[in-house]
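Below, each chain spelled out in residue letters.
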Amino acid sequence: MNQTAPLAGVTAPQGFLASGVHAGIKASGNRDVALVVNTGPTELRASAAVFTSNRVAAAPVHLSRAHFAAGTVSAVVLNSGGANACTGEQGARDAQQMADHVAQALSLADSMQVGVCSTGLIGELLPMEAVISGIDMAVGELADTPEAGANAADAIRTTDTVNKTIEIHADGYTVGGMAKGAGMLAPALATMLCVLTTDAVVDQRELDAALREAVRTTFNRVDSDGCRSTNDTVIVLASGASGHRADAQELTEHLRSACATLARQLIADAEGATHDIDITVRGSHSEEAAEIIARAVARSNLLKAAIFGNDPNWGRVLSEIGTIPEEVAPFDPDAIDVSFNGVQVCQAGGVGQSRDLVDMTDRQVSIEVDLHNGSASATVITSDLTYDYVHENSAYSS
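As the structure is a computational prediction, the values presented were derived from the model and not from experiment.

K.L.:
I tried to follow the state of the cysteines on my own but got confused; where do I start?
P.N.:
Simply put, disulfide is the name for a covalent bond between the sulfur atoms of two cysteines. Per the stated rule, a full pass over the model turns up zero disulfides. Of all cysteine sulfurs in the structure, the one in C259 sits closest to C194, which takes part in no disulfide; the separation is 5.5 Å.

K.L.:
Hey, could you run me through the packing of helix α5 (residues 204-216) against helix α6 (residues 248-268) in this one?
P.N.:
For any two helices packed against each other, the geometry comes down to the angle between their axes and how far apart the axes lie. Remark: α5 packs on α6, axes separated minimally by 8 Å, with the N-to-C direction vectors making an angle of 40°. Taken together, the axes of α5 and α6 are oblique relative to one another. Of the two possible hands of crossing, α5 and α6 adopt the one that is right-handed. Residues E206, L207, A210, L211, E213 and A214 of α5 touch α6, and the partners they reach there are A248, L251, T252, L255, R256 and C259. Residue composition of the contact of α5 with α6, grouped by class: eight nonpolar, one polar and three charged.

K.L.:
What's the story with the nonpolar core in this structure? I'm lost.
P.N.:
A general tendency of soluble globular proteins is for nonpolar side chains to be buried together. In terms of nonpolar packing, the biggest core is built from 34 residues, with L196, L207, F219, V234 and L255 touching the most fellow members. Where this core is concerned, the elements lending two or more residues are β3 (46-51), β6 (164-169), β7 (174-180), β8 (193-198), α5, β9 (233-238) and α6. If one sorts the elements of this core by residue count, α6 sits on top with eight residues. Of all hydrophobic cores here, the second largest spans 33 residues; its members include L303, I307, A329 and V345.

K.L.:
So what exactly am I meant to see when it comes to the sheet that holds strand β5 (residues 114-119) here?
P.N.:
Spatial ordering of the open sheet is given by β1-β2-β4-β5, a layout of four strands whose pairing is mixed. In the strand order of this sheet, the two ends are held by β1 (16-21) and β5, each with one partner. Between one strand and the next, the sheet's axes are offset by a mean angle of 10°, whatever the strand orientation. Two elements, β1 and strand β2 (residues 33-38), share six bridges in a ladder whose sense is antiparallel. Looking at the pairing, A18 lines up with V36 of β2. Along the sheet face, helix α3 (residues 128-140) touches β1, β2 and β4 (75-80) and points at about 50° away from the line of β2.

K.L.:
So what exactly am I meant to see when it comes to the sheet that holds β9 here?
P.N.:
Within a sheet, adjacent strands bond to each other through the backbone by hydrogen bonds, running parallel or antiparallel. Ordered in space as β3-β9-β8-β7-β6, the five strands form an open sheet in which the pairing is mixed. If you trace the sheet from one side to the other, it starts and ends with β3 and β6, each paired once. Taking the axes of each pair of neighbouring strands and ignoring which way they run, one obtains an average angle of 10° across the sheet. In the packing of α5 onto the sheet, contacts are made with β3, β8 and β9, and the angle to β3 comes to roughly 35°.

K.L.:
Teacher, can you tell me more about the pattern of salt bridges here?
P.N.:
Two side chains with opposite charge may pair up if their charged atoms get near one another. Scanning the entire structure with this criterion turns up 17 salt bridges. For R31, the salt bridge goes to D154, with nearest N and O atoms at 3.0 Å. Pair noted here: R31 is in the loop between β1 and β2 and D154 is in helix α4 (residues 146-155), with a separation of 123 residues, a long-range link. Residue classification places D154 among the buried residues on the basis of a relative accessible area of 17%. Residue E291 is joined to R295 by a salt bridge in which the shortest nitrogen-to-oxygen separation is 2.3 Å. Of this pair, E291 and R295 both sit in helix α7 (residues 287-298), separated by four residues, roughly a single helical turn. Within this structure, E213, R216, R221, E253, R256, E287, E291 and R295 form a network of salt bridges that share partners.

K.L.:
Looking at this structure, how should I read helix α1 (residues 59-70)?
P.N.:
Turn by turn, an α-helix covers 3.6 residues, leaving residues three or four places apart pointing in a common direction. For α1, with twelve residues, the first-to-last C-alpha span of 17 Å sits near the 16 Å given by 1.5 Å per residue. Taken residue by residue, α1 has A59, P60, V61, L63, S64, H67 and F68 as its buried positions. Contacts made by the buried residues of α1 are with β3, α2 (88-105), β5 and β9.

K.L.:
So what exactly am I meant to see when it comes to the pairing of β8 here?
P.N.:
Walk down a regular strand and you will see the side chains alternate between the two sheet faces. Burial within β8 is extensive, with six of its six residues counted as buried. In β8, alternate side chains face the same way, and those of L193, V195 and T197 on one face and C194, L196 and T198 on the other are all buried. Relative to β8, β7 is paired through six bridges, and the arrangement is antiparallel. Each residue of the ladder has a partner; that of K180, found in β8, is L193. Note that β8 and β9 share six bridges and pair parallel. Paired with L196 across the two strands is V236, which belongs to β9.

Calculation rules
- Residues numbered from 1 in each chain as written.
- Predicted model: local features only at pLDDT ≥ 70, side-chain atom pairs only at ≥ 80, totals over all residues.
- Heavy atoms only, no water.
- Disulfide = S-S within 2.5 Å.
- Axes fitted to C-alpha atoms, helices over the stretch in contact; angles between N-to-C directions.
- Helix = DSSP H or I, 4+ residues; strand = E, 2+ residues; numbered from the N terminus.
- Parallel < 35°, antiparallel > 145°, perpendicular 65-115°, else oblique.
- Left-handed = near helix turned anticlockwise from the far one by under 90°.
- Contact = heavy atoms within 4.5 Å.
- Nonpolar A, V, L, I, M, F, W, Y, C, P; charged D, E, K, R; others polar.
- Core = buried A, V, L, I, M, F, W, Y, C linked by side-chain atoms within 4.5 Å.
- Buried < 20%, exposed > 50% of the residue type's maximum accessible area, 1.4 Å probe, protein only.
- Pairing = 2+ DSSP bridges.
- Salt bridge = Lys/Arg side-chain N within 4 Å of Asp/Glu carboxyl O.
- Expected span 1.5 Å × (residues − 1).

Shown next as structure tokens:
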């Protein structure tokens, strides 16, 4: 993912400015405040967002959820270095202050046009003097350059080791985006923030539907460790600056492609991971059942540890499949096939080809399960469980 020239990300489409600055929230000196602003024609702007389903949601989630429900959001401010989660009434006031200050600095009509995102340690108040100073710096550095987009992506990192960006050039318009996330990756959504941008002309309702469908099969099927976050947010802003009215289905697929690429970047940077794992369940009576089974397999610590040890232990796969109630996912246990990297190590619920035929040296691992009980399928992506994951998370708050 390291690139000599940065992808523009959120500034790739027309009609967007971005910046990322060091405000002093992080002691490391790394960037920690980002700003993305929609400068497209006011009458063509649209926005949509989806948020964590965790009932313990952070203050910025509550505020942004209300703002996106009320109308069109034209700017998003994001900080790393503190999640502003489980911070009570003061946390709510701090999130509101961030929105108010951005609205004032950008001369927006009101703070309802501002989305707020935070990421970092839960249970600590933000240093608001630094945050407000950072917003002022971010406003002063707004630009539409690739470097500005890259700086914004850099500013939202926590334990991420690299920036995560995407740009897709469609017929007549562009989709860009940035994301962060390396741990607590589990649906709904993942421990992640994501801002997508497009210069397509699109109706607000169509944009919302497109985002929800794109997220459903991408970010909502990232599951590195089964841990849900308090701050998950995926935002899309449309500027309309290209003048090209997007076909709703086509835009959905471009957003899906952008989300899928960013989701794989999250897994590739998962804390301590040495393998990226695709778990595909085929032959299911429904897509929902296939996803439930794939997720159960993805959350098996025994399987994840086995893959860290380069062991294609198909017994771990079958045992997890067997935990799913029949009313949720009907199948015949004696008909299941399992393949690791193309080698069918389990056939008809029993011994298949030799495990020794499976090459586990590459980072990418593919596990395919065929239930032989229908035509539906789903894929969940996860990562292995390593010593470094334990170290990273035992020392996270120190």
